[in-house]
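Architecture and fold: a report
Chain residues, written in single-letter form:
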Amino acid sequence: MARSKANLDWLEQARAALNADPEFRRLGTADFKLGLVVGDAARLISFDAFEISDVVEADPGDMRDADIVLRMSTRDWNAYLRRRGRGKGESLLTLDLESGVVAAKNPVKRLMFERYNRSLQALIDKGAALSA
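Quick caveat: nothing in here was measured; it's all calculated off a predicted structure. (Residues numbered from 1 in each chain as written. Predicted model: local features only at pLDDT ≥ 70, side-chain atom pairs only at ≥ 80, totals over all residues. Heavy atoms only, no water.)

Overview of the packing of aromatic side chains
Applying the stated criterion to the full structure yields 3 aromatic pairs. Aromatic side chains Phe32 and Phe47 sit 4.4 Å apart centroid to centroid with 10 degrees between the ring planes, which places their arrangement in the stacked category. Here Phe32 is found in strand β1 (residues 32-38), whereas its partner Phe47 is found in strand β2 (residues 41-48), with 15 residues between them in sequence. Here Phe32 and Phe47 have matching classes, each one buried. (Phe/Tyr/Trp six-rings, centres within 6.5 Å; stacked < 30°, edge-to-face > 60°. Helix = DSSP H or I, 4+ residues; strand = E, 2+ residues; numbered from the N terminus. Buried < 20%, exposed > 50% of the residue type's maximum accessible area, 1.4 Å probe, protein only.)

Let's talk about the environment of Gly35
Here Gly35 shows up in strand β1. By relative accessible area, which is 0% here, Gly35 ends up buried. As for Gly35 and Lys105, which are separated by 70 residues in sequence, their C-alpha atoms are 11 Å apart. The contact partners of Gly35, leaving out residues within four places of it in the chain, are Arg43, Leu44, Met63, Ala66, Ile68, Val69 and Leu70. (Contact = heavy atoms within 4.5 Å.)

Looking at the pairing of β1
Burial analysis of β1 places 6 of its 7 residues in the buried class, which makes it a mostly covered element. Strand direction decides the pairing type here: β1 and β2, joined by 7 bridges, are antiparallel. Pairing of Leu36 across the sheet is with Arg43, part of β2. Between β1 and β2, which pair antiparallel and follow one another directly, the connecting turn spans 2 residues, one of which, Gly39, has a positive phi of 60 degrees. Relative to strand β4 (residues 68-72), β1 runs parallel, the two sharing 5 bridges. From the neighbouring strand, Val37 faces β4, where its bridge partner is Arg71. (Pairing = 2+ DSSP bridges.)

Section: the packing of helix α3 (residues 74-85) against helix α6 (residues 117-131)
Between α3 and α6, the shortest axis-to-axis distance is 8 Å and the interhelical angle comes to 85 degrees. On the basis of the axis angle, α3 is roughly perpendicular to α6. Taken together, the residues of α6 that come into contact with α3 (itself represented by Trp77, Tyr80, Leu81, Arg84 and Gly85) are Gln121, Ile124, Asp125, Gly127, Ala128 and Ser131. Looking at the contact of α3 with α6 residue by residue, the class counts come to 5 nonpolar, 4 polar and 2 charged. (Axes fitted to C-alpha atoms, helices over the stretch in contact; angles between N-to-C directions. Parallel < 35°, antiparallel > 145°, perpendicular 65-115°, else oblique. Nonpolar A, V, L, I, M, F, W, Y, C, P; charged D, E, K, R; others polar.)

Focus on the pattern of salt bridges
Inspection of the entire model under this criterion finds 8 salt bridges. With a closest N to O distance of 3.0 Å, Arg15 and Glu12 form a salt bridge. Residue Arg15 and its partner Glu12 are located together in helix α1 (residues 11-19), separated by 3 residues, close to a single helical turn. The exposure class assigned to Glu12 is partly exposed, which follows from its relative accessible area of 37%. The shortest N-O distance in the salt bridge between Asp96 and Arg110 comes to 2.3 Å. In this pair, Asp96 sits in helix α4 (residues 92-99) while Arg110 sits in helix α5 (residues 107-115), placing the two residues 14 residues apart along the sequence. Assessed through its relative accessible area of 8%, Asp96 is described here as buried. Linked by salt bridges that have partners in common, Asp96, Arg110 and Glu114 make up one network. (Salt bridge = Lys/Arg side-chain N within 4 Å of Asp/Glu carboxyl O.)

Put into structure tokens, the structure is as follows:
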């Protein structure tokens, strides 16, 4: 059986769309680095002030530069994106409470997830719309 691949191709397109969207700016500033690890694919995403400044390919086993890390299996990730794209998926906050998908270097960094969750959710939701 062939393994499904992580769907991360939309990240650059979502970054550009959100950076041009005044509604995204209204969410406020976000200053953190997100490590997104899906199966054996990973990206390091930099949120700086009112924009997403960078998306770079990363080593899934080395997330030392990330403040917070969102880690899911490829199957769970693709299913989550499909649910969010249909407007039926839970928020990342709820998903983390249920499945523990977010990790951080320390408790203070972990609080960044709750502080910046709306900006992070906007990125995921834009990706879900683009992937649909």
